[in-house]
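Survey of secondary and tertiary structure
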Amino acid sequence: MRNTTQSDQLFARAKELLPGGVNSPVRAFKSVGGDPFFAKRAYGAMIEDVDGNAYIDYVGSWGPMIAGHAHPQVLQAVSETIADGLSFGTPNPLEVTMAEEITRLVPSCEVVRMVNSGTEATLSAIRLARGATGRSKIVKFSGCYHGHGDSFLVKAGSGVLTLGLPNSPGVPAALSELTLTLDYNDFDQAQELFDEYGDDIAAVIIEPVVGNANCILPKPGYHQHLRDLCTKHDALLIFDEVMTGFRVSLGGAQELFGITPDLSTFGKIIGGGMPVGAYGGRRDLMKQIAPAGPIYQAGTLSGNPVAMAAGLATLKLIQRPGFHSELLDKTNYLCDGLEQAAKDANIAFHTTRVPAMFGLYFREGPVESFADALQSDAARYGRFFHVMLDQGVFLAPSAFEAAFMSIEHSKDLLDQTIAAARAAFASLQS
Ligand code: PLP
């Protein structure tokens, strides 16, 4: 068994002072059971805890670490930048370079605004959508997560065409009623909803690959169907690329699937591990944001030079030719190996993948909807998770989160992961 003495002591202290002992719920391991480890350092594809245990890391800080942890070029950019001060409250050159990079790599973003988290990005994007269209309703998909803004913490009412209900105490019912919820990949339902409410809908917001219900890929033509419905009804299509942006392809999921959204939201990779977010899109929409236009949105630390430096260094690394195809090869190699190991152990198991992002399901495939994802055996995943952790592999501490690949995951590390999974699958048989 791993020595977890120091982590256990820290968690006991943390539980007295932080809600649940953590600053973000999933870190508490509640859905897999047990207690979290406390990280001391991370390098390449590895993360090490305060007790000296090292793990092959498939969480990657939940997405930013696509180039690996503590990449020398990212650290150098940060240390050069911090020498000149941490925050200015006045424009700095790196913000302009970042805007040039994002708009070049994601052509649908003609103008971009930097913020400090993915949550801020999605909140701001729907405010813009409502302000620009003069409409109030937004549409989201069950199983998609867009941060913790009130309008997103909403579950579907009793039927598709009913108004949303709060998903958390503290979210006013009057606000949640403005959020309509659809089932991902259901073509007819989206049509039906637009037939009923089309002229009241400000925007449809979607994770173009769902990374917050494990990993669900869109059916062929689904995003185009949404694009067409939005265009027909003058509603805006928002791709929430906080997770997929710069990951599933250099130009994000919109490049991978060939769709042009009106607005996009980003985070994670563009901060290289520093707190960051961004939203951007059509010029005629973005010019309505203050101070260019009347729709208010601001931030003391937005465009922070240190975050920009880390993000720009990361964006440079991922533009190396072949970077994303290498990530896809690694993802396929690992997922094929895991599926074979499960098959050999006679365990019902299925993977879904896109470059650098994959889902592990304890059920047979296919998985095409949130309802399908929910049928994964979460208790079994929890047991698998802990046997993997004890063997030095850190997977997402939840059966409903995607796993992330970095460019630093070598073949040797992938083979070690597959070997650990063989032992873990065998342990599930007993
Ligand atoms: N949107 C998506 C698709 C996400 O995955 C997340 C976070 O995981 C967010 C928005 C919220 O981002 P943040 O946690 O930076 O607020």
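Residues numbered from 1 in each chain as written. Predicted model: local features only at pLDDT ≥ 70, side-chain atom pairs only at ≥ 80, totals over all residues. Heavy atoms only, no water.

Remark on secondary structure: sheet strands pair via backbone hydrogen bonds, oriented parallel or antiparallel. If you walk across this open sheet you meet the 7 strands as 4-12-11-10-9-5-8, and the pairing is mixed. Of all the strands in the sheet, just strand 4 (111-115) and strand 8 (179-182) have a single pairing partner and so form its edges. Put simply, the sheet's adjacent strands are angled 20° from each other on average, direction ignored. Pairing of strand 11 (residues 263-267) with strand 12 (residues 277-281), which is carried by 5 bridges, proceeds in the antiparallel orientation. Residue pairing in the sheet places Ser264 in a bridge with Gly280 of strand 12. (Pairing = 2+ DSSP bridges. Helix = DSSP H or I, 4+ residues; strand = E, 2+ residues; numbered from the N terminus. Axes fitted to C-alpha atoms, helices over the stretch in contact; angles between N-to-C directions.)

Okay, the sheet that holds strand 2 (residues 46-49) next. Pairing in this open sheet of 4 strands is mixed, and the strands run 1-2-3-15 from one edge to the other. Of all the strands in the sheet, just strand 1 (39-43) and strand 15 (393-394) have a single pairing partner and so form its edges. In terms of strand pairing, strand 2 meets strand 3 (residues 54-57) through 3 bridges, oriented antiparallel. The residue bridging Met46 from the neighbouring strand is Ile56, located in strand 3.

With that out of the way, let us pick up the nonpolar core. If you look at the biggest cluster of nonpolar residues, it comprises 74 residues, and the most contacted ones within it are Tyr58, Phe246, Ile270 and Phe425. Top contributing element to this core by residue count: helix 14 (residues 411-429), with 8 residues. If we skip the residues at most four places from it in the chain, Phe425 touches Leu338, Ala341, Ala342, Ala345, Ile347, Phe349, Phe362 and Phe384. Formed by 27 residues, the second largest nonpolar core is a distinct cluster that contains Phe141, Ala190, Leu193 and Ile206. (Core = buried A, V, L, I, M, F, W, Y, C linked by side-chain atoms within 4.5 Å. Buried < 20%, exposed > 50% of the residue type's maximum accessible area, 1.4 Å probe, protein only. Contact = heavy atoms within 4.5 Å.)

Attention now goes to the site of the ligand. Surveying the vicinity of the ligand reveals the residues Ser117, Gly118, Thr119, Tyr145, His146, Gly147, Glu207, Asn212, Asp240, Val242, Met243 and Lys268. One nitrogen or oxygen atom from the main chain of Tyr145 is found 3.4 Å from a nitrogen atom belonging to the ligand. For the ligand, whose free accessible area comes to 390 Å², the fraction covered by protein is 82%. Each residue belonging to the shell around the ligand can be placed in one class, and the counts come to 3 nonpolar, 6 polar and 3 charged. (Near = heavy atom within 4 Å. Polar contact = N/O pair within 3.5 Å; in protein donor to acceptor, adjacent residues only side chain to side chain. Areas by Shrake-Rupley, 256 points an atom, 1.4 Å probe, with all protein chains shown as cover. Nonpolar A, V, L, I, M, F, W, Y, C, P; charged D, E, K, R; others polar.)

Right, let's talk about the pattern of salt bridges for a bit. The full count for this structure, using the stated rule, is 11 salt bridges. With a closest N to O distance of 2.8 Å, Arg104 and Glu101 form a salt bridge. A residue pair is termed a helical-turn pair when its members lie 3 or 4 positions apart in one helix, as Arg104 and Glu101 do in helix 3 (residues 93-105) at 3 residues. Residue Arg104 is classed as partly exposed on the basis of its relative accessible area of 48%. Measuring nitrogen to oxygen at the nearest pair gives 3.1 Å for the salt bridge that ties Asp415 to Lys411. (Salt bridge = Lys/Arg side-chain N within 4 Å of Asp/Glu carboxyl O.)

Here we take up the packing of helix 13 (residues 378-390) against helix 14. For the pair helix 13 and helix 14, interaxial distance at closest approach is 9 Å and the crossing angle is 130°. Comparing their axes, helix 14 and helix 13 come out oblique. For helix 13 against helix 14, the interelement crossing comes out right-handed. Side by side, helix 13 and helix 14 meet where Arg380, Arg383, Phe384, Val387 and Met388 of the first sit next to Thr417, Ala420, Ala421, Ala424, Phe425, Ser427 and Leu428 of the second. (Parallel < 35°, antiparallel > 145°, perpendicular 65-115°, else oblique. Left-handed = near helix turned anticlockwise from the far one by under 90°.)

One pass over the structure, following the stated rule, counts 18 aromatic pairs. Measuring from centroid to centroid gives 4.4 Å for Phe37 and Tyr55, while their planes differ by 15°, and the two rings are stacked. Pair noted here: Phe37 is in the loop between helix 1 (5-17) and strand 1 and Tyr55 is in strand 3, with a separation of 18 residues, a long-range link. Each member of the pair, Phe37 as well as Tyr55, is classed as buried. Aromatic pair Phe187 and Tyr222: ring centres 5.1 Å apart, planes at 65°, arrangement edge-to-face. Highlighted residues: Phe187 in helix 6 (residues 187-197) and Tyr222 in helix 7 (residues 222-232), separated in sequence by 35 residues. Among the residues examined, Tyr222 registers a relative accessible area of 0% and is labelled buried. An aromatic cluster of at least three residues, connected via ring pairs, comprises Phe29, Phe37, Tyr55, Phe385 and Phe394. (Phe/Tyr/Trp six-rings, centres within 6.5 Å; stacked < 30°, edge-to-face > 60°.)

Before going further, it helps to spend a moment on the pairing of strand 13 (residues 350-354). With 4 of its 5 residues buried, strand 13 lies for the most part within the structure. The pairing of strand 13 with strand 14 (residues 357-361) spans 5 bridges and is antiparallel. Considered in strand 14, the bridge of Arg353 is made with Phe358. From the end of strand 13 to the start of strand 14, which pair antiparallel, there are 2 residues, and Ala356 there has a positive phi angle of about 75°.

Before going further, it helps to spend a moment on the packing of helix 2 (residues 72-82) against helix 10 (residues 305-318). Running from N to C, helix 2 and helix 10 point in directions that differ by 155°, and their axes come no closer than 8 Å. When the axis of helix 2 is compared with that of helix 10, the two are roughly antiparallel. Relative to helix 10, helix 2 is oriented so that their crossing is right-handed. Between helix 2 and helix 10, the residues in contact are Gln73, Val74, Ala77, Val78, Thr81 and Ile82 and Pro305, Val306, Ala309, Ala310, Ala313, Thr314 and Leu317, respectively. Within the contact of helix 2 with helix 10, the residues separate by chemical class into 10 nonpolar, 3 polar and no charged.

Such coordinate-based values are descriptive only and should not be taken to indicate function.
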